[in-house]
Amino acid sequence: TLVHTDMPRLDRYLDFPTQTHPSVLQLGGSNPEVLGRATAIAAPYGYDEINLNCGCPSPKVAGKGAFGAALMLEPNLVAECVAGK
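Rules used throughout
- Residues numbered from 1 in each chain as written.
- Predicted model: local features only at pLDDT ≥ 70, side-chain atom pairs only at ≥ 80, totals over all residues.
- Heavy atoms only, no water.
- Helix = DSSP H or I, 4+ residues; strand = E, 2+ residues; numbered from the N terminus.
- Buried < 20%, exposed > 50% of the residue type's maximum accessible area, 1.4 Å probe, protein only.
- Contact = heavy atoms within 4.5 Å.
- Areas by Shrake-Rupley, 256 points an atom, 1.4 Å probe, with all protein chains shown as cover.
- Pairing = 2+ DSSP bridges.
- Right-handed = clockwise from strand over helix to strand, strands pointing away.
- Polar contact = N/O pair within 3.5 Å; in protein donor to acceptor, adjacent residues only side chain to side chain.

Some remarks on the overall build of the protein
- Looking only at helices and strands, the protein features four helices and two strands.
- Written out in order from the N terminus, the α and β elements of the protein read α-β-α-β-α-α.
- Its C-alpha atoms give the protein principal-axis dimensions of roughly 35 × 25 × 20 Å.
- Per-residue burial over the protein gives 29% buried out of 85 residues.
- Long-range pairs, those at least 24 residues apart, make up 57% of the contacts in the protein between residues at least 6 apart in sequence.
- Total accessible area on the protein is roughly 5600 Å²; 55% of this is exposed by carbon and sulfur atoms.

Next up, the structure:
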């Protein structure tokens, strides 16, 4: 969603009240380039942490390929995703 949404609408997805700190944004996916772009888009919003979903066992998530818990089977891909390569 983040890399496919125009800038004026991003606040709808990313903005949060500062009094809710610490706040974490969790990204899902398995494409290092897209995840790197999503992280760059989200960074200015001031999240305390941005992490990658590597644990969701839901068939709707993990059952769709290298996403969620399915990433546990691809440690090298996870390393690339986290490095933003």
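A few points about the pairing of strand β2 (residues 49–52)
- Here strand β1 (residues 24–27) runs beside β2; their pairing, made up of four bridges, is parallel. Across the sheet, residue L25 finds its bridge partner in β2, namely I50.
- For the crossover that starts at β1, traverses helix α2 (residues 32–42) and ends in the parallel β2, the hand is right-handed.

Remarks on the side chain of N53
- In this structure, N53 sits in the loop between β2 and α3 (59–62).
- Here G55 takes part through its backbone nitrogen, which lies 3.1 Å from a polar atom of the side chain of N53.
- If we ignore the near neighbours within four places in the chain, the residues touching N53 are Q26, L27, G28, G68 and L71.

Looking at unusual backbone geometry
- Following H21, the chain continues to P22 via a peptide bond in cis, the omega torsion being 0°.
- With respect to the element layout, P22 can be found in the loop between α1 (7–14) and β1.

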